[in-house]
Amino acid sequence: MTPLISGTASALRGRLVAPGDKSVSHRALILGALAVGRTRIGGLLEGEDVLRTAAAMGALGAGIARDGNGSWTIDGIGLGALAEPQDVLDLGNSGTGARLLMGLVASHPITTFFTGDASLRRRPMARVAAPLERIGARIVARDGGRMPLAVIGASTPLPIAYRLPVASAQVKSAVLLAGLNAPGETSVIEPQPTRDHSERMLRHFGAAVSTAEEPDGARRITLQGQPELRAADLLVPGDPSSAAFPAVAALLLPGSEVVIEGVGVNPLRTGLYETLREMGAAVDFGNERMAAGEPVADLALRAGALSGVEVPAERAPRMIDEYPILAVAAAFAKGRTVMHGLGELRVKESDRLGAIAQGLAACGVSATIAGDTLTVEGLGGPPPGGADIATRLDHRIAMAFLVLGMAAERPVRVDDGDTIATSFPGFVAAMNRLGAAIAPARP
Ligand code: S3P
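Asks: Give me the overall build of the chain: which residues, what numbers.
Replies: For the chain, the count of helices and strands is 12 helices and 24 strands. Considered along the principal axes of its C-alpha atoms, the chain spans approximately 60 × 50 × 45 Å. Every one of the 443 residues in the chain was classed for burial, and the buried ones make up 60%. As displayed, the chain has an accessible area near 15,300 Å², and 51% of this comes from carbon and sulfur atoms. Mean positive and mean negative side-chain charge positions of the chain (42 and 45 charges, respectively) differ by 2 Å.

Here's what the structure looks like:
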């Protein structure tokens, strides 16, 4: 555990390349490993979470290597040919890696054991186990469907149509990945749209995935099973969820002007930027282009006053990982910000709803939770800060409060900066290059 302290920063200036998208990186490794032939991946996020998925795909039989120039090659093994891992797959802190891989192995006649760190072992896996059991897999888990658990894959997997009971791209993706090795059509019906990186990536590798609207307005995603996946090089876009931290820091520190290059701007991921604009922020998307079926842009940010807003529950799936940093922005804004529909934050890397409210209170900001609504009373300027924040194995809590410390009256300390490497390796150096003052703190 390396504690970090974030003191008053100068105005942020400069350009930054966002680290690779975590969601896209997991999917690129998984599908590259199932495609026949060699896939080259540029811009892969080399964060702990993604490295765990790479190791897991290696244990399932794929040949995965990093080149000297930082790109990765995968020698795919073809669909249906996964090898039974000889040891437990340890997905570390990664809910995405764990849930997607549970789906993948569920339709293969192998038994796979999964575990993770203390955070992941607390998170609910029954939401994935339920549809996978309908496909024909058996899941043996600890109480509450928690890890460690074993997935005993189906030898004759069934195609299913599954309506998501929670808005979760991980559950959707687990079902679609399981459906790859099932005959016929596997469908997922999502009442609220969630990030569609799996659908886009499946198409990139040659699978047939269609979407249609249900009579009640829900989205039905249908995959044709047993496709021939073909190797297909790709460049991973920058992660809008990681870019959110320097972006909000730039908005909060007077005089800042920052450009973040190559950020994924998939409309199902950009809820934060939409909300920041509503709060009065200067956020521009320039040089929009496509990379591996995903829209990408350079984000330009200029500091300025923000005002509190009401964020509707329907927007939550499009910015689910951004509430910690949005709550920080809300603390500096003039007036109240009310964020609805945050129930899922209770089961992220930590209970993020509790972590945000407690952390803000420690920094002198009033934040209250009522049901799944979070209300932050903005101070219309810098909060006192001067707090010590418990990170709770949650990278986004760590980064959000380090950003708060950059623009608060007094420095903010987080008890564990190591966890940041799960999604944003090099965060401290990148922020300090722009003008931050983040340094190791005394334990
Ligand atoms: C992710 C989906 C989201 C998100 C997570 C990444 C994905 O989780 O919070 O960081 O890559 O599919 P849920 O599916 O649980 O909402």
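Next comes the rest of the account.
Asks: Give a description of the side chain of His108 that names residues and reports values.
Replies: Mapped onto the elements, His108 comes out in the loop between helix 3 (95-106) and strand 7 (111-115). For His108, a relative accessible area of 1% gives the class buried. A distance of 3.2 Å separates a polar atom in the side chain of His108 from the backbone nitrogen of Gly80. In contact with His108, not counting residues within four places along its chain, are Gly80, Ala81, Leu82, Gly153, Ala154 and Asn181.

Asks: I'd love a proper account of the pairing of strand 4 (residues 63-66), names of residues and values included.
Replies: In this sheet, strand 5 (residues 72-77) lies alongside strand 4 in antiparallel orientation, the contact comprising four bridges. In the sheet register, Ile64 faces strand 5, and the bridge partner there is Ile74. Connecting strand 4 to the next strand, strand 5, in antiparallel fashion are five residues, including Gly70 with a positive phi near 90°.

Asks: Summarise the nonpolar core; cite the residues concerned and give the values.
Replies: If you look at the biggest cluster of nonpolar residues, it comprises 80 residues, and the most contacted ones within it are Ile260, Leu276, Tyr323, Met339, Leu360, Leu374 and Val376. The greatest single-element share of this core, amounting to 10 residues, is contributed by helix 11 (residues 395-407). Once residues lying within four places of it in the same chain are set aside, the contact partners of Leu360 are Ala327, Ala331, Val365, Ala367, Val376, Phe401 and Leu404. Counting residues in each nonpolar core, the second largest holds 64 residues, with Ile41, Trp72, Met102 and Ala174 among its members.

Asks: Describe the side chain of Lys172, naming the residues involved and giving the relevant values.
Replies: Positionally, Lys172 belongs in helix 5 (residues 169-179). Side chain to side chain, Lys172 and Thr194 meet in a polar contact 3.1 Å long. Within the local environment of Lys172, its side chain forms a polar contact with the side chain of Glu199, the two groups lying 2.8 Å apart. Setting aside its immediate chain neighbours within four residues, Lys172 contacts Leu164, Val188, Glu190, Thr194, Arg195, Asp196, Glu199 and Ile221.

Asks: Tell me about the domain arrangement of the chain, residues and numbers included.
Replies: Considered domain by domain, the chain is made up of domain 1 (4-20 + 237-440) and domain 2 (22-212). Centre-to-centre, using C-alpha coordinates, domain 1 lies 28 Å away from domain 2. Summing both sides of the interface, domain 1 and domain 2 together bury roughly 2,300 Å²; the carbon and sulfur share of this comes to 50%. Glu344 is paired through a salt bridge with Arg127; the nearest N and O atoms lie 2.8 Å apart. Summed over the shared surface of domain 1 and domain 2, the result is 14 residue pairs in polar contact (both at pLDDT 80 or more). Of all elements in the fold, only strand 17 (294-302) and helix 11 reach the threshold of two or more residues within the side of domain 1 that touches domain 2. Looking at side-chain class alone, the side of domain 1 that touches domain 2 contains 14 nonpolar, six polar and nine charged residues.

Asks: Requested: an account of the sheet that holds strand 3 (residues 36-42), with residues and values cited.
Replies: Ordered by their spatial adjacency, four strands build an open sheet running 4-5-3-14, and the pairing between neighbours is mixed. Across the chains shown, the open sheet's two edge strands, defined by having one partner strand only, are strand 4 and strand 14 (234-235). Sheet strands in contact with helix 1 (residues 22-34) are strand 3, strand 4, strand 5 and strand 14, and its direction is about 45° off that of strand 5.

Asks: Break down unusual backbone geometry for me, citing the residues and quoting the values.
Replies: Omega for the bond connecting Met147 with Pro148 falls within 30 degrees of zero, at 0°, which places this linkage in the cis form. With respect to the element layout, Pro148 can be found in strand 9 (residues 146-152). For Ala292, which is not glycine, the phi torsion reads 50° and is therefore positive.

Asks: So what's going on with the packing of helix 3 against helix 4 (residues 126-135)? Which residues, and what values?
Replies: Two elements in contact, helix 3 and helix 4, have axes whose closest approach is 10 Å; the angle formed by their N-to-C orientations is 15°. Of the possible angle classes, the one that applies to helix 3 and helix 4 is roughly parallel. Handedness of the crossing formed by helix 3 with helix 4: right-handed. Together, Arg99, Met102, Gly103 and Ala106 of helix 3 and Arg127, Val128 and Leu132 of helix 4 make up the contact between the two elements.

Cut-offs applied
- Per chain, residues are indexed from 1 in the order of the written sequence.
- Local features in this predicted model are restricted to residues whose pLDDT is 70 or higher, and side-chain atom pairs enter the listing and the counts only when it is 80 or higher, whereas totals over whole chains, interfaces and linings include all residues.
- Side-chain measures were taken over the full set of non-hydrogen atoms in the model, leaving aside hydrogen atoms and water.
- Per the convention used, a helix needs a DSSP run of H or I reaching at least four residues, while a strand needs a run of E reaching at least two, with both numbered from the N terminus.
- Each residue is placed in one exposure class: buried if its accessible area under a 1.4 Å probe, protein chains only, is under 20% of its type's maximum, exposed if it is over 50%, and partly exposed if it falls in between.
- Accessible surface is estimated by sampling points in the Shrake-Rupley manner with a 1.4 Å probe; for residues, cover comes only from the protein chains shown.
- Counted as positive: Lys and Arg. Counted as negative: Asp and Glu, with His and the chain ends omitted from the count.
- A charge is said to be at NZ when it belongs to Lys, at CZ for Arg, at CG for Asp and at CD for Glu.
- Any N or O atom pair separated by 3.5 Å or less is treated as a polar contact, with the protein-specific requirement of one donor-capable and one acceptor-capable atom, and with residues adjacent in sequence counted only for side-chain atom pairs.
- A contact between two residues is defined here by any heavy atoms of the two lying within 4.5 Å.
- At least two bridges found by DSSP between two strands is the condition for calling them paired.
- Throughout, nonpolar core names a set of buried Ala, Val, Leu, Ile, Met, Phe, Trp, Tyr and Cys residues whose side chains join them through atoms within 4.5 Å.
- Reported domain spans reflect what an automatic or database domain assignment gives.
- Defined here as a combined quantity, buried area equals the accessible surface (1.4 Å probe) lost by two parts on assembly, summed across both.
- Criterion for a salt bridge: a side-chain nitrogen of Lys or Arg within 4 Å of a carboxyl oxygen of Asp or Glu.
- Each residue is assigned to one of three groups, with Ala, Val, Leu, Ile, Met, Phe, Trp, Tyr, Cys and Pro labelled nonpolar, Asp, Glu, Lys and Arg labelled charged, and all others, Gly among them, labelled polar.
- In this analysis, axes come from line fits to C-alpha atoms, helices being fitted only over the stretch in contact, and the angle between any two N-to-C directions falls in the range 0 to 180 degrees.
- Relative orientations are named as follows: roughly parallel for angles under 35 degrees, roughly antiparallel for angles over 145 degrees, roughly perpendicular for angles from 65 to 115 degrees, and oblique for any other angle.
- Less than a right angle of anticlockwise turn of the near helix away from the far helix marks a crossing as left-handed, whereas a clockwise turn marks it as right-handed.

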